[in-house]
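Understanding the architecture of this molecule
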Amino acid sequence: MKDIRYRLYFVDAIRAWAILMMLQGHFIDGLLDPVYKDLSNWKYATWSYFRGMTAPVFFTVSGFIFTYLLVKGKEIGIKNPRVKKGARRGMQLLIIGYLLRANLLGLLSGKIYTSFYLVDVLHCIGLSILGIIGIYLLTSKTKPIIFTCVLVTITILLFLFEPTYEYWNYPYLPNALVNYFSKVNGSVFTIIPWFGYATFGGFMAMLFTRYKQHKNLYTTGIISCTIIGVLLIFLSSKLFLVIAETTKSEFFIHIHSNNYLFIRLGDVLLVFAIFMLLRNYLTYKFVLKIGQNTLSIYIIHFVILYGSFTGLGLYQFLKHSLSPITAILGALMFMLICASLALFYDRYEIKIKSKLKKYK
């Protein structure tokens, strides 16, 4: 029997694609001259649409991988070693998320800038991992189907009620906590609704685990993801409109008018379908290594582009100043540099850490 990890190569490939899409997306969006950001231009509009897939895919695949590993072993509940490892990983991501927004010069002068408290993708993924662990522990004494159903139910509820809680304010919470739920202070991501993509990834992982030995696993998966993905992209808005007109409900009217979450979920499913279809061609070691080192790549890109710690990055010097050709070539070079540095660190991680310990 083949090692089941072979079947997860396509997931690492998705992560590699998502992190590279994020790199070029952040580079071009931050450095391209705004005069070229014209959605009436089909080239920019196409790029913008595909860039919008990155975060949903990244959250979904993160939830998928963590949940798959969480339920893979024989131990259940608090005895599962993945619970402790996952909790440590979640807290690590939260800490790194804050450190990347820290300004050493400001800290040395006794200042903590408001940007330090803003929430980004690492904070939300870290909190999502902790959330999945919490759900797992609460349902660990029941059948796995309960855990599976709770995960997908959370996704549906978070997506359906997004037009409602989007405008909530939190007057009794400090801004550091408000930033996890609202973008009013400048947070890039918030735990709601983005936790919904992570739980959907967990839901997919549970289905994958349940049917991993089935001979038609990939055939069924590809067909299902394609059909459901297309339906979500092209018909979900129409469905909500029909429900709204039939029930005279403003609730569904609001969902219909801003139905980006379900549409993006459709995009995610199509991405999974494509990578599952091409899984036998996605086993190149370089690609898989990129997918397995997304955290290092993310940290390196944040330092180079946004100037974490020092406040000196490409964004400070080249913000909104590049032409399209320069931005594209720069983005390609940026992706190559970030990926190469991360893989270099991965290769020599033990030696680097041992040398650093000598200076402590």
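To be clear, the structure that these remarks concern was listed above.
Residues numbered from 1 in each chain as written. Predicted model: local features only at pLDDT ≥ 70, side-chain atom pairs only at ≥ 80, totals over all residues. Heavy atoms only, no water.

1. A few points about the overall build of the protein chain
Across its full length, the protein chain holds 19 helices and zero strands. Computed over C-alpha atoms, the radius of gyration of the protein chain comes to 21 Å, within 12% of the 21 Å expected from 2.2 N^0.38 for 360 residues, which places it in the range of a compact globule. Dimensions of the protein chain along its principal axes, counting C-alpha atoms only, are 55 × 50 × 45 Å. Every one of the 360 residues in the protein chain was classed for burial, and the buried ones make up 46%. Accessible area for the protein chain stands at about 19,900 Å²; split by element, carbon and sulfur atoms hold 68% of it. Distance between charge centres in the protein chain, computed from 37 positive and 14 negative side chains, equals 14 Å. (Helix = DSSP H or I, 4+ residues; strand = E, 2+ residues; numbered from the N terminus. Rg over C-alpha atoms; globule rule 2.2 N^0.38 Å. Buried < 20%, exposed > 50% of the residue type's maximum accessible area, 1.4 Å probe, protein only. Areas by Shrake-Rupley, 256 points an atom, 1.4 Å probe, with all protein chains shown as cover. Lys, Arg positive; Asp, Glu negative; His and termini not counted. Charge placed at Lys NZ, Arg CZ, Asp CG, Glu CD.)

2. Overview of the pattern of salt bridges
Considering all chains together, one arrives at six salt bridges under this definition. With a closest N to O distance of 3.1 Å, Asp 120 and Arg 101 form a salt bridge. On the criterion of sequence distance, the pair formed by Asp 120 in the loop between α5 (104-108) and α6 (121-139) and Arg 101 in the loop between α4 (81-100) and α5 is long-range, its members being 19 residues apart. Exposure remark for Asp 120: the relative accessible area of 8% places this residue in the buried category. (Salt bridge = Lys/Arg side-chain N within 4 Å of Asp/Glu carboxyl O.)

3. Examining the packing of helix α3 (residues 54-70) against helix α14 (residues 260-277)
Packing of α3 against α14 brings their axes to within 9 Å, and their N-to-C directions diverge by 60°. As α3 packs across α14, the resulting crossing turns out to be right-handed. Where α3 approaches α14, its residues Pro 56, Val 57, Thr 60, Val 61 and Phe 64 are matched on the opposing element by Arg 264, Val 268, Val 271 and Phe 272. (Axes fitted to C-alpha atoms, helices over the stretch in contact; angles between N-to-C directions. Left-handed = near helix turned anticlockwise from the far one by under 90°. Contact = heavy atoms within 4.5 Å.)

4. Let's talk about the packing of aromatic side chains
For the coordinates displayed, the defined rule picks out 30 aromatic pairs. With a centroid separation of 6.2 Å and 85° between ring planes, the pair formed by Tyr 49 and Phe 50 is classed as edge-to-face. For Tyr 49, a relative accessible area of 32% translates into the label partly exposed. With relative accessibility at 41%, the residue Phe 50 sits in the partly exposed group. Between Tyr 98 and Phe 116, the aromatic rings sit 5.4 Å apart at their centres with planes inclined by 35°, giving tilted as the arrangement. Here Tyr 98 is found in helix α4, whereas its partner Phe 116 is found in the loop between α5 and α6, with 18 residues between them in sequence. Under the relative-accessibility criterion, Phe 116 is labelled partly exposed at 23%. An aromatic cluster is present here, built from Phe 59, Phe 159, Phe 161, Phe 189, Trp 194, Tyr 197, Phe 240, Phe 251, Phe 252 and Phe 262 joined pairwise through their rings. (Phe/Tyr/Trp six-rings, centres within 6.5 Å; stacked < 30°, edge-to-face > 60°.)

5. Some remarks on a positive patch on the surface
Taken together, Lys 72, Arg 82, Lys 84, Lys 85 and Arg 88 make up a surface patch of like positive charges. Looking at the element boundaries, Lys 84 is found in helix α4. (Patch = residues over 30% accessible without salt bridge, like charges linked within 9 Å, V, L, I, M, F, W, Y side chains within 5 Å.)

6. Considerations on a nonpolar patch on the surface
On the surface, Ile 223, Ile 227, Ile 228, Val 230, Leu 231, Phe 234 and Leu 235 cluster together into a nonpolar patch covering about 630 Å² of accessible area. Looking at the element boundaries, Val 230 is found in helix α11 (residues 217-234).

7. Focus on the environment of Phe 302
With respect to the helices, strands and loops of the structure, Phe 302 is situated in helix α16 (residues 294-306). Exposure remark for Phe 302: the relative accessible area of 7% places this residue in the buried category. C-alpha separation for the pair Phe 302 and Gly 86, spaced 216 residues apart in sequence, amounts to 24 Å. Excluding its chain neighbours within four sequence positions, the residues that come into contact with Phe 302 are Leu 100, Arg 101, Asp 120, Gly 307 and Ser 308.

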